[in-house]
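Residue-level listing of the chains:
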Amino acid sequence: MSIAGSETDPLSGTACKPAGDPPLPGACGPGDAAFHLLADALPQIVWTMRPDGRPSYFNQRWLDYSGASLQDSLAHGWDRFIHPEDRPQVVAQWTRAHDASEACEVECRLRRADGLYRWMLVRAVPQRDAAGCPVGWVGTLTDIDELRQRAELLEKNLYMGRIAGKVARLGGWTIDLPERTLTWSDENCLIHDVAPGYTPTLDEGIGYFYPEHRPLVVRHVQDCADHGIPYEFVLPKRTAKGRRIWVRSIGEALRDASGKIVRLQGAFQDISEQKDAEERALALEAQLTATLESITDGFCLIDRDWKFTFFNGQAERMLQRRRQDVLGKTLWQEFPESLGTRMERECRLALQAQRTARFEAFYAPLNLCIHFHVYPTENGLAVYFQDITQRRAEQAQLRLLQTAVSRLNDIVIITEAVALEEGGPRIVFVNDAFERQTGYSRAEALGQTSRLLWGPNTQRAELDRIRDAMARWEPVRAEIVIYTKDGRARWLETDIAPIADKSGKFTHWVAVERDITERRQQQQEILSLNTELEARVLQRTLELEMANRELESFAYSVSHDLRSPLSTIHAFSQLVVKIDGEQVSGKGKHYLERIGVGVKHMGDLIEGLLTLAHVSRKQINSEPVDLSEIARRIAHDHHEREPGRQAELQIEGGLSALGDARLLSVVYQNLLGNAWKFTSRTPLARIQVGAEPGQDGSTVFFVRDNGAGFDMAFAAKLFGTFERLHSPEEFSGTGIGLATVKRIVERHAGRVWAESTPNEGAAFFFTLGRSPEPLP
C-alpha cells in the first residue's frame, strides 16, 4: 500500500503536504467530547485518522466488536481484522481513494472478538480545511452481514454493484469549452430526479441551485473556466421533483497540449444523508444536554487535567455547589476531601487504564453515601453519581429485618392480597423456620397456597372463620392443624394480618405461626390426668417423705460410718510418714501422698453430701437478706486467700431478697467459688454480681464471669449430683455445689439456670419466690 505524490490545494493551487504511504484507517478522533458522545450513540462503528494515515479515534462500538483495547487499536488500526480473501481488494480501493483524496467505500469481512467474520460496509470520507487541504478522514463500519447473506441468494455481484452505485450517490459532469455544453452522467441524472441521458443546458444545470446561491455557483464556474481555479463547495439544490437535497460540488479545468483550458469536469455527490445526520447530531447534542440537565443523577465531565468542563443541575443540588464556581477548577481543588480516598484511586485508575469504574464512597462534609459510575473518554472522564444515603439506610434496615425474621423460631408466611383460587392467596415469602418445621423448601412453597399444609384433620370451621376475616380485611388468630411434608400433624397458633402500602391499599397478608403441638398435647394430658391428680399428689407426698427419711438415714450413715474409717486411713498414713519416712522409697511416699489426697477428696464429698442433706432438711428462717453484703464478704475471703490473683469483681449494691440468710450465703459461696475457680487460668478475671428484671416482673439475680465456660449441650447435667463438665486435672471439685444451689433456690420457690460459651465465660441466673418453701 505504498502511495507517493502530493495533493494540490484546489483553491490556491499550492501543494499540500504529501500523503505518504498510509495504513488502513485506524482508531481515536476529533477532540471534542460531544463528537465522542454522539459517535458512541450511533449504531455504526466510527473511526477517524489524520492526514498521514495514523489512527486518531475509534468509538466504543469498535472496542466492543473487536475486543481490542483502545491503545492496541490506535497502534495497529483495523486492517489485521480483515478476512485474508478480502484484504487485496480493500487495500487496492483504499490506496486509490487515498491517492485521489476521494471518498472510499468497500465491503469486506471483518473478524469479531469471538473469531467469527461478519460483512461490513466500509466508508471513508476525506476531511478538508478551509484551504481545501486534507486534514483527516472520517469513516464508518456498518454491519451488513444479514443484508449480504440475503443478497447472495440472488444475483450477488450485479445486485450489490447496483446498490453500491446508489449508495455512493456520486454523479459526474463535464462542460465543453468554448461551447459551454453541459453533460451529466446517468447517476447525476438520478440525483436530480431526471431520466438517464437527460442533457440540460449550463443555465438549466445551474438553475437547480436555489436563486440566492446561483451567483456563487456562476462565479466558481467562471473562475475555473477563465483561470483554471478548481473549486469545491456544498450547497442545497431542488431536484426536478421538488426534493431538497444537499450536494458537494467539485470542479477542475482540463487543458490541451498548449495549456489552453478546453473543458471543465467534476462531480456532484448527494450528501443529503450526511447533512441530515449532522442536523440530527446537532439536535441530539441539544437533546443530550437537556437530558443531562433533567436526569436525577449528578453528572460531570472532567478533562485530563482534572478540571470540570460540565456540571449538571443535579450535581449542583447534590453537592451544594454552583457550576460557575466549579467549571474550570480541578476536582482536587474543589473537593480536597477526596484526596487519598477510594474516589481518587478509582478515578485515577479509570483514566490511566481507560476502563469503567463503579464504586461507592462516603462524602463526609455532606454526610452522603454516593454511588459513582466513571467512564473514560478521549478528553478525560464522564462521571455519573447518585445519592444512595437513604437507600443504604433502607437496605440496612431491610437486612436487619430479614436477619431477624430468618432467625425467628416462629414461622412467617407472606402471601398476595387477593386469592386466585379456593386455597387462598399465593405464597410469596417464607422464612427459615417454615423450612425447618414443615420440611418444605422455600422453592416448593413459593407460588403455592396454604392448601399445601392442609390435611385430613385440618379444621374446616377454622378455615372458614379465617376466610371470613380476610374477606373483611381484618386480622385474625386461630389454632389449626397442619401437616408437614413427611405427613406429621402439627398444631399451629396463627396470627394473620393485612399489610397496606403508603396509599392505604392492602397488598399482602402476613401470617406468624407458632408450633403449639407440645402445648396442645400437654393440655390433653392435663385433662386426662385430672381424675388421677389427688392420687398422684398423695403418692408423690409419700414418696417425698420416704426419700427424706432415706436421706436422713444416709446422712447419718455418712457422718458415723464413713468419717471414722477415713480418719483412720489418714492418721495411719501420716504415722507411716512420721515414723518410717526415711525408710520409705520415693514411690512409696508418692503413694502415701495420693492416699492423703484421696482421703481429703472423699472427705469433701462427704461434707458436700452432708451440706446437701442439711439444706434439704433445714427449717427456713425467712427474713430480709442483704445479698450485696454476702457477695462482698465472700469476694473478700477469696482475695485474702489468693492476694496475687488479677481479678476484677463488680458487685451491684442494694441487692436484697426475702429468704434464709445462711442458705442464700451457701448459694453465693458456690456460685462465686465456681466463678473464682473457673477464671483461674484467665489473665484478668472479671466477675460480676448483679440483678435484672425478668420477663414476668420478678428479679433475676446473676453471677457472670469470663472464665472457661462450658458447652450448652451439657447444660441439662449441670445441676445434678456428682455431675462435672471438667476433668479433675483441669479444675478440682466434688460435683455437689451446683446441686446444693439448685436445692436451696427451689426451696425458696425459685429456679436456677445457666448460659455459657466455651472459653468465653459463664453466667448463672436464679430467682427467689415471695414465699420460701416450708420444711416438709
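Preceding this section is the structure that the text describes.
For clarity, every value in this text was computed on a predicted model and none was experimentally measured.

K.L.:
Please explain the overall build of the protein as it appears in this structure.
P.N.:
For the protein, the helix and strand inventory stands at 24 helices and 27 strands. Put simply, the protein has 776 residues, and 39% of those count as buried. For the protein, restricting intrachain contacts to residue pairs at least 6 apart in sequence, the fraction spanning at least 24 positions comes to 51%.

K.L.:
Help me understand the pairing of strand β25 (residues 699–705), please; the structure alone is not making it clear to me.
P.N.:
Looking down a regular strand, the side chains alternate between one sheet face and the other. Burial within β25 is extensive, with five of its seven residues counted as buried. Here strand β24 (residues 685–693) runs beside β25; their pairing, made up of seven bridges, is antiparallel. Counted as the bridge partner of Val-689 is Val-703 from β25.

K.L.:
Just to check I follow, could you spell out the sheet that holds strand β26 (residues 752–756) for this structure?
P.N.:
Backbone hydrogen bonds hold the strands of a sheet together, and the pairing may be parallel or antiparallel. The strand order across the open sheet built from five strands is β22-β24-β25-β27-β26, with neighbouring strands paired in mixed fashion. Single-partner strands in this sheet number two, and they are β22 (647–651) and β26. Across the sheet, the axes of successive neighbouring strands diverge by a mean angle of 15°, strand direction being ignored. Relative to strand β27 (residues 762–766), β25 runs antiparallel, the two being bridged by four bridges. Of the residues in β27, the one forming a bridge with Phe-702 is Phe-765. Across the sheet, helix α22 (residues 627–641) lies against β22, β24 and β25, angled at about 170° from β22, the strand it touches most. Across the sheet, helix α23 (residues 661–678) lies against β22, β24, β25 and β27, angled at about 30° from β25, the strand it touches most.

K.L.:
Help me understand the packing of α23 against helix α24 (residues 737–747), please; the structure alone is not making it clear to me.
P.N.:
Packed helix pairs are specified by the crossing angle of their axes together with the interaxial distance, meaning the distance between the axes. Packing of α23 against α24 leaves a shortest axis separation of 9 Å and a crossing angle of 145°. The handedness of the crossing between α23 and α24 comes out as left-handed. Here α23 contributes Leu-663, Val-666, Val-667, Asn-670, Leu-671 and Asn-674 to the contact with α24, which in turn contributes Gly-737, Leu-738, Thr-740, Val-741 and Ile-744. Split into classes, the residues belonging to the contact of α23 with α24 amount to seven nonpolar, four polar and no charged.

K.L.:
Just checking my understanding: could you explain the sheet that holds strand β8 (residues 231–238) for this structure?
P.N.:
The strand order β7-β6-β10-β9-β8 describes an open sheet built from five strands, whose pairing is antiparallel. Of all strands in the sheet, those bounded by a partner on one side alone are β7 (181–184) and β8. Averaged over all neighbouring strand pairs, the angle between strand axes comes to 25°, with direction disregarded. Strand direction decides the pairing type here: strand β9 (residues 244–255) and strand β10 (residues 261–270), joined by nine bridges, are antiparallel. By the bridge assignment, Ser-249 is partnered in β10 with Phe-268.

K.L.:
Explanation requested: helix α1 (residues 33–41) in the structure shown.
P.N.:
Taken together, the buried positions of α1 are occupied by His-36, Leu-38 and Ala-39. Within α1, the buried residues cover an arc of 165° as seen down the axis, which keeps them to one side. Its buried side turned inward, α1 meets β1 (45–49), β2 (55–58) and α10 (272–294).

K.L.:
How should I be thinking about the packing of α22 against α23 in this particular structure?
P.N.:
Close contact between α22 and α23 brings their axes to 9 Å; oriented N to C, the two are set at 45°. In terms of axis orientation, α22 runs oblique to α23. For α22 against α23, the interelement crossing comes out right-handed. Within the contact between the two elements, α22 uses Leu-627, Ile-630, Ala-631, Arg-633, Ile-634, His-638 and His-639 and α23 uses Ala-661, Leu-664, Ser-665, Tyr-668, Gln-669, Leu-672, Gly-673 and Trp-676. Class assignment for the residues of the contact of α22 with α23 results in nine nonpolar, five polar and one charged.

K.L.:
What's the story with the environment of Gln-669 in this structure? I'm lost.
P.N.:
As for its placement among the helices and strands, Gln-669 is situated in helix α23. Its relative accessible area of 42% is what places Gln-669 among the partly exposed residues.

K.L.:
Is there a simple way to think about a nonpolar patch on the surface in this case?
P.N.:
Taken together, the side chains of Val-418, Trp-473 and Phe-506 define a hydrophobic patch exposed on the protein surface, amounting to about 250 Å² of accessible area. Positionally, Val-418 belongs in the loop between β16 (411–416) and β17 (427–430). Taking relative accessible area as the criterion, Val-418 reaches 52% and is therefore assigned exposed.

K.L.:
I would appreciate a short explanation of the pattern of salt bridges in the present structure.
P.N.:
Side chains bearing opposite charge may pair, as long as their charged atoms lie close to each other. Inspection of the entire model under this criterion finds 36 salt bridges. Between Arg-80 and Asp-72 there is a salt bridge whose closest N-O contact spans 2.1 Å. Of the residues examined, Asp-72 reaches a relative accessible area of 25% and is grouped as partly exposed. Of the charged contacts in the structure, one is a salt bridge between Arg-442 and Glu-435, with a shortest N-O distance of 3.5 Å. The exposure class assigned to Arg-442 is partly exposed, which follows from its relative accessible area of 28%. Since its relative accessible area comes to 27%, Glu-435 is described here as partly exposed. One salt-bridge network, held together by shared partners, links Glu-479, Glu-493, Arg-519 and Arg-520.

K.L.:
What is the right way to look at the state of the cysteines in this model?
P.N.:
Chemically, a disulfide is nothing more than a covalent bond linking the sulfur atoms of two cysteines. Counted under the stated rule, the structure contains zero disulfides. Lacking any disulfide linkage, Cys-347 is separated from the closest cysteine sulfur, that of Cys-300, by 8.4 Å. We classify Cys-347 as buried; its relative accessible area is 2%.

K.L.:
How do you make sense of the packing of aromatic side chains when you look at a structure like this?
P.N.:
All chains considered together, the criterion is met by 26 aromatic pairs. Their ring planes at 50° and their centres at 4.6 Å tell us that Phe-299 and Tyr-384 sit as a pair that is tilted. Taken together, the positions of Phe-299 in strand β11 (residues 298–303) and Tyr-384 in strand β15 (residues 380–387) put the pair 85 residues apart, joining distant regions of the chain. Looking at Tyr-384, the relative accessible area reads 27%, which means it is partly exposed. Pairwise contacts between aromatic rings join Trp-173, Phe-209, Tyr-231, Phe-233 and Phe-268 into one cluster. Directly above the ring of Phe-268 sits Lys-237, whose terminal nitrogen or CZ lies 3.8 Å from the centroid. When the ring centre of Phe-335 is taken as reference, the NZ or CZ atom of Arg-321 above it lies at 5.2 Å.

Basis of the calculations
Residues numbered from 1 in each chain as written. Predicted model: local features only at pLDDT ≥ 70, side-chain atom pairs only at ≥ 80, totals over all residues. Heavy atoms only, no water. Helix = DSSP H or I, 4+ residues; strand = E, 2+ residues; numbered from the N terminus. Buried < 20%, exposed > 50% of the residue type's maximum accessible area, 1.4 Å probe, protein only. Contact = heavy atoms within 4.5 Å. Pairing = 2+ DSSP bridges. Axes fitted to C-alpha atoms, helices over the stretch in contact; angles between N-to-C directions. Left-handed = near helix turned anticlockwise from the far one by under 90°. Nonpolar A, V, L, I, M, F, W, Y, C, P; charged D, E, K, R; others polar. Arc of directions from axis to C-beta. Parallel < 35°, antiparallel > 145°, perpendicular 65-115°, else oblique. Patch = residues over 30% accessible without salt bridge, like charges linked within 9 Å, V, L, I, M, F, W, Y side chains within 5 Å. Areas by Shrake-Rupley, 256 points an atom, 1.4 Å probe, with all protein chains shown as cover. Salt bridge = Lys/Arg side-chain N within 4 Å of Asp/Glu carboxyl O. Disulfide = S-S within 2.5 Å. Phe/Tyr/Trp six-rings, centres within 6.5 Å; stacked < 30°, edge-to-face > 60°. Lys NZ or Arg CZ within 6 Å of the ring centre and 35° of its normal.

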